[in-house]
Amino acid sequence: MRPLRTLFLLTALLPLVAGATHNRAGEIIYCHVNGYTYYVEIITHTKTSAPADRPDLLINWGDGTSSTLARTSIVPIPGSDAQRNIYPGTHTYNGPGVFELSFEDPNRNEGVLNVPSSVNQIFCVKTELVISPLGGNNCSVRFLNPPLQNACFQKRWEHNPVAFDPNGDSLSFELIPCGGANCLPIPGYLYPDQYMPGPANNFSIDPVTGTLVWDVPPAQGEYNIAIRVKEWRRVNGVMVLMGWVVRDMQITVLPCSNNAPVVQQLPDTCVVAGTLLNMTVQASDPDGNNVNLTALGEPFVLLTGPATFVSPSPGPVVTGVFTWSTNCAHVRPAPYQVVFRAVDNDPQYPLQDYSTMFITIVAPAPQNPAAAPSGSNIVLNWDASACTNATGYRIYRRSGAYGFTPAHCETDVPAYTGYQFIGSTTGWNNTTYTDASGLTFGNEYCYMVVATFASGSRSIASVEFCATLNRQVPLITHVSVGITDVTAGQDTVRWSNAYDMDTVQHPGPYRFRLFRGTGYTTATTLVYTSTDHSFLAHPDTSFIDNGLNTVAGPHVYRVDYFGAGDVFIGSSSAASSLFVVPDPNDEQITLNLTHNTPWTNTLFEIFRWDGSSWNLIGTSTTPVYVDTGLVNGQEYCYYARSSGAYSLPEVAAPLVNYSQEVCATPVDLTPPCPPDLVIDNDCEIPLNTLTWNNPNLTCADDTYQYNIYFTDSLNGTLTLIATITGAENTVFEHTDGLSVAGCYAVTAIDTVGNESELSNVVCGDNCPVYELPNVFTPNGDRVNDFFVPFPYRGVLRIDLQVFNRWGQVVYRTDDPDIGWDGTLQNNGERVPDGVYYYTCLVYFKRLEGDELIRLKGHVQLLRGNGNGVN
């Protein structure tokens with residue numbers, strides 16, 4: 001990890017800035033006790049001499065209740081005017097839920113630069129507690145570094161709170177505004193880089209390590225920040241938020257000439273539980289000051305097998321020794337963070353440097369696994385894990401070995417190996433598993449076993465171990481279509497003898513019965529019974545099945561095996577014919593090569609009819625083949641040939657089978673790709689201009705026209721408003737009456753009518769304007785004869801009332817153009833010259849909904865004569 005440099009808070013040497021009130025830092029932590037009961041601590045850092053001292057605090061539990069917690073601990077910081085306060089308590093909730101714990105205390109200390117009027121701001125922090133049967137019980141994050149820290153003026157500052165989670169959950173870090181009344185963000189709060197902003201003032205937090213960086217502090221004084229630390233736990237393969245803690249901390253920026261010491265950077269590491277970790281850590285000081293080297297982190301506070309760090313005697317160059325004898329109790333998914341801290345002994349402003357590393361502990365692989373066939377099953381055994389806290393085992397299987405060797409600390413069985421999870425056992429010593437699912441005779445099956453843990457961890461995988469189900473029953477080797485026809489179709493079926501069957505247990509003579517079904521899995525119709533034969537090498541192992549409909553779908557077969565007295569011995573696995581399902585599209589046909597066989601097909605050859613003969617046109621190692629470059633509307637015919645094998649080498653290979661013949665005609669079903677849409681929202685003209693790209697230049701060749709969709713609100717339904725013909729016409733201008741508020745999308749349509757998905761949605765908005773004059777002259781000279789607004793835009797409607805000096809309404813309208821001619825609205829008589837007052841409700845059309853403004857004013861009516869009524 002990158003080393004961290006910061007100024008160490010030696011409060012015995014550095015007096016805190018004086019303030020009228022006391023709160024500087026704080027957080028709320030919790031831990032599960034039992035049931036729905038949790039232990040909670042409010043931790044605050046306050047100014048000792050402040051007149052406001054709190055012997056108790058009120059906590060809101062987040063369930064509608066609150067309690068008063070009494071202070072039980074005051075830890076003075078020697079030589080300074082500061083103290084750490086602890087307020088413990090317990091609370092029992094009614095059941096699962098998400099609860100926000102919080103406390104408020106007036107007030108923050110005076111003079112915090114990035115908190116407006118800090119002395120008048122409430123101090124509030126909160127913590128989220130999640131009680132969920134899905135995620136299990138939880139204890140919140142803890143911090144090993146104090147929340148009162150100092151920084152140097154005009155020097156890069158770095159700090160790590162050294163957070164750890166007692167449950168081993170993964171942590172993420174983010175900055176949030178400091179909380180005031182009701183724990184809402186303090187109005188006007190600024191992050192440190194927003195106070196005196198500039199290119200040389202940058203403040204950030206690493207979301208993974210929690211490292212804070214300030215490059216560089218621009219002004220001396222105090223600053224407060226809030227860090228939210230979220231806890232994440234993997235539940236059923238998904239990362240679930242288990243809660244969070246907000247720490248409000250204070251940074252004091254001071255003038256400094258000292259240079260920070262430097263701690264050796266150590267790489268992250270991973271070891272198997274039981275490994276002894278032993279490493280040296282070096283620190284030095286560029287000014288020649290003596291350095292005190294220590295270590296922080298969760299490994300040092302573990303109840304079982306904690307790590308140790310031997311701190312050297314202070315000196316300009318020092319070397320410490322980190323030792324950790326890891327064990328199985330340390331296994332968990334999340335790594336442990338260790339922070340090495342070096343502090344110099346500068347007499348005025350001691351500085352410190354951090355170096356962080358992550359250590360992951362994984363469980364060893366289960367040892368001595370073995371697999372043995374037992375009838376139609378395979379029985380697995382292995383030694384119990386060296387970690388007795390293992391909760392069980394997961395079993396993975398594939399057909400044939402992969403040759404997997406785990407990388408260093410690689411746990412579980414990666415998907416790329418082709419292994420699939422098939423089952424699990426519960427309990428450390430439950431080390432036997434019988435695989436009875438989906439096995440077929442004649443194949444080799446390989447396995448790996450992984451130990452599981454309550455924390456969600458999984459061990460390194462065992463070595464691969466394999467077993468084969470021998471030929472104790474017949475093995476179908478061929479189901480091949482010979483004739484494609486609706487009524488006269490033909491399948492050829494072949495199978496091999498059960499050469500590994502116990503003839504003492506099952507004496508002859510022996511007989512086969514062949515069953516058929518439609519589809520891929522179930523065969524129930526008896527279609528053939530063989531002759532009897534005294535030996536295992538029965539000569540009657542094939543059958544030609546006629547009179548089938550091989551056009552409509554595949555057929556599936558099963559061979560039953562009988563011994564002396566017609567006693568049933570066993571059945572083969574079902575095997576179907578290879579059936580080609582064509583999927584025509586634009587100038588191509590996709591051939592889906594469907595089948596269900598107990599052997600593995602590794603090659604598919606595709607043949608196409610050219611009018612006179614069948615020709616091989618391509619191969620595939622997967623059961624899909626796409627024939628491209630075709631002519632739409634022209635018919636193409638195909639069949640496929642598969643090649644495969646059982647994993648048992650005694651079974652002859654390759655096994656070659658043919659599909660039915662099938663024809664299809666390509667047709668254009670593929671729409672163009674959606675255009676990329678851009679809007680020029682000119683709200684003053686007003687006019688929206690849409691432009692987009694021509695798909696024919698990138699992803700299509702037959703775009704013919706475009707559909708334009710519009711909605712006048714942000715969350716409204718898009719409706720078709722226009723269709724433009726011509727792929728090259730990629731500009732559209734639009735107004736919704738006089739409004740340009742709305743959202744648009746465009747689709748491209750090809751020559752056969754395939755319409756693309758909607759383009760990206762773009763939106764424009766009005767910039768409404770509505771102003772009224774203060775004078776008009778309705779004297780009939782056709783100049784300024786009407787009371788009308790100045791040119792306006794974005795107005796839906798108005799509600800205007802004009803009053804005379806006695807408050808009587810002389811005119812009213814909802815027409816934005818108004819057009820009052822200076823007459824009484826009820827009888828058309830002219831009103832006298834003078835000042836008239838108005839109120840006007842103006843409704844603007846906006847993207848996010850109508851906006852209302854209220855206008856009040858007066859207008860002077862001047863005719864130049866005294867005519868009119870009062």
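Refer to the structure printed above.
Keep in mind that what you see is a predicted model, and the values were worked out from it rather than measured. (Residues numbered from 1 in each chain as written. Predicted model: local features only at pLDDT ≥ 70, side-chain atom pairs only at ≥ 80, totals over all residues. Heavy atoms only, no water.)

A. Region of the structure containing the packing of aromatic side chains. By the definition in use, this model includes 37 aromatic pairs. Between Trp692 and Tyr706, the aromatic rings sit 5.3 Å apart at their centres with planes inclined by 70°, giving edge-to-face as the arrangement. With Trp692 in strand S51 (residues 687-692) and Tyr706 in strand S52 (residues 703-711), this pair connects stretches of sequence that are 14 residues apart. Of the residues examined, Tyr706 reaches a relative accessible area of 0% and is grouped as buried. Here the aromatic rings of Tyr770 and Tyr792 are separated by 5.4 Å at their centres, their planes lie at 70°, and the arrangement is edge-to-face. Of the two residues, Tyr770 sits in the loop between strand S56 (762-764) and strand S57 (775-776) while Tyr792 sits in the loop between S57 and strand S58 (795-803), which places them 22 residues apart along the sequence. Its relative accessible area of 5% is what places Tyr770 among the buried residues. (Phe/Tyr/Trp six-rings, centres within 6.5 Å; stacked < 30°, edge-to-face > 60°. Helix = DSSP H or I, 4+ residues; strand = E, 2+ residues; numbered from the N terminus. Buried < 20%, exposed > 50% of the residue type's maximum accessible area, 1.4 Å probe, protein only.)

B. Expanded view of the sheet that holds strand S46 (residues 624-628). Overall, antiparallel pairing links the 3 strands, which are arranged S42-S43-S46 in an open sheet. The open sheet terminates on both sides in strands that have one partner only, identified here as strand S42 (579-585) and S46. Strand after strand, the sheet turns through a mean of 20° between neighbouring axes, direction not considered. Note that strand S43 (residues 588-594) and S46 share 5 bridges and pair antiparallel. Residue pairing for S46: Thr590 is matched across the bridge by Val626. (Pairing = 2+ DSSP bridges. Axes fitted to C-alpha atoms, helices over the stretch in contact; angles between N-to-C directions.)

C. Layout of the nonpolar core. In terms of nonpolar packing, the biggest core is built from 71 residues, with Phe322, Trp324, Phe340, Ile378, Leu380, Tyr447 and Trp495 touching the most fellow members. Sorting elements by how many residues they give to this core places strand S32 (residues 444-453) first, with 5 residues. Counting 29 residues, the second-largest nonpolar core is a separate cluster that includes Phe143, Trp157, Trp214 and Ala219. (Core = buried A, V, L, I, M, F, W, Y, C linked by side-chain atoms within 4.5 Å.)

D. Spatial organisation of the pattern of salt bridges. Scanning all chains against the criterion turns up 26 salt bridges. Measuring nitrogen to oxygen at the nearest pair gives 2.8 Å for the salt bridge that ties Arg641 to Glu605. Here Glu605 lies in strand S44 (residues 600-609) and Arg641 lies in strand S47 (residues 636-645), a separation of 36 residues in the sequence. Among the residues examined, Glu605 registers a relative accessible area of 13% and is labelled buried. A salt bridge links Arg846 to Asp765; the nearest nitrogen and oxygen atoms lie 3.2 Å apart. (Salt bridge = Lys/Arg side-chain N within 4 Å of Asp/Glu carboxyl O.)

E. Structural detail: the state of the cysteines. Evaluated as defined, the whole model comprises 10 disulfides. In this model, Cys152 is linked to Cys256 through a disulfide, with the two sulfur atoms separated by 2.3 Å. Note on the Cys152 and Cys256 pair: the S-S dihedral is about -95°, so by sign convention the disulfide is left-handed. Here Cys152, found in strand S11 (residues 148-152), pairs with Cys256, found in the loop between strand S18 (238-254) and strand S19 (262-263); they are 104 residues apart in sequence, far enough to count as distant. (Disulfide = S-S within 2.5 Å.)

F. Examining unusual backbone geometry more closely. A cis amide bond links Gly508 to the next residue, Pro509, at an omega of 10°. Here Pro509 lies in the loop between strand S35 (489-496) and strand S36 (511-518). With an omega of -5°, the peptide bond between Ile685 and Pro686 qualifies as cis. Structurally, Pro686 can be placed in the loop between strand S50 (677-682) and S51. The phi dihedral of Asp412 falls on the positive side, at around 65°, and the residue is not glycine. Looking at the element boundaries, Asp412 is found in the loop between strand S29 (390-399) and strand S30 (420-426). Here Ile818, not a glycine, exhibits a phi torsion of approximately 60°, which is positive. When you line up the elements, Ile818 lands in the loop between strand S59 (809-813) and strand S60 (834-844).

G. View of the sheet that holds S57. Strand order across the open sheet formed by 5 strands is S57-S61-S60-S58-S59, with mixed pairing between neighbours. The open sheet terminates on both sides in strands that have one partner only, identified here as S57 and S59.

H. Spatial organisation of the pairing of S18. The buried fraction of S18 amounts to 13 of the 17 residues, a majority that puts the element mostly inside the structure. As paired elements, S11 and S18 share 5 bridges and run parallel to each other. Directly across from Asn150, in S18, lies its bridge partner Thr252. Sheet topology places strand S17 (residues 221-235) next to S18; 15 bridges connect them, and they run antiparallel. Within S18, the position partnered with Arg228 by the bridge is Val246.

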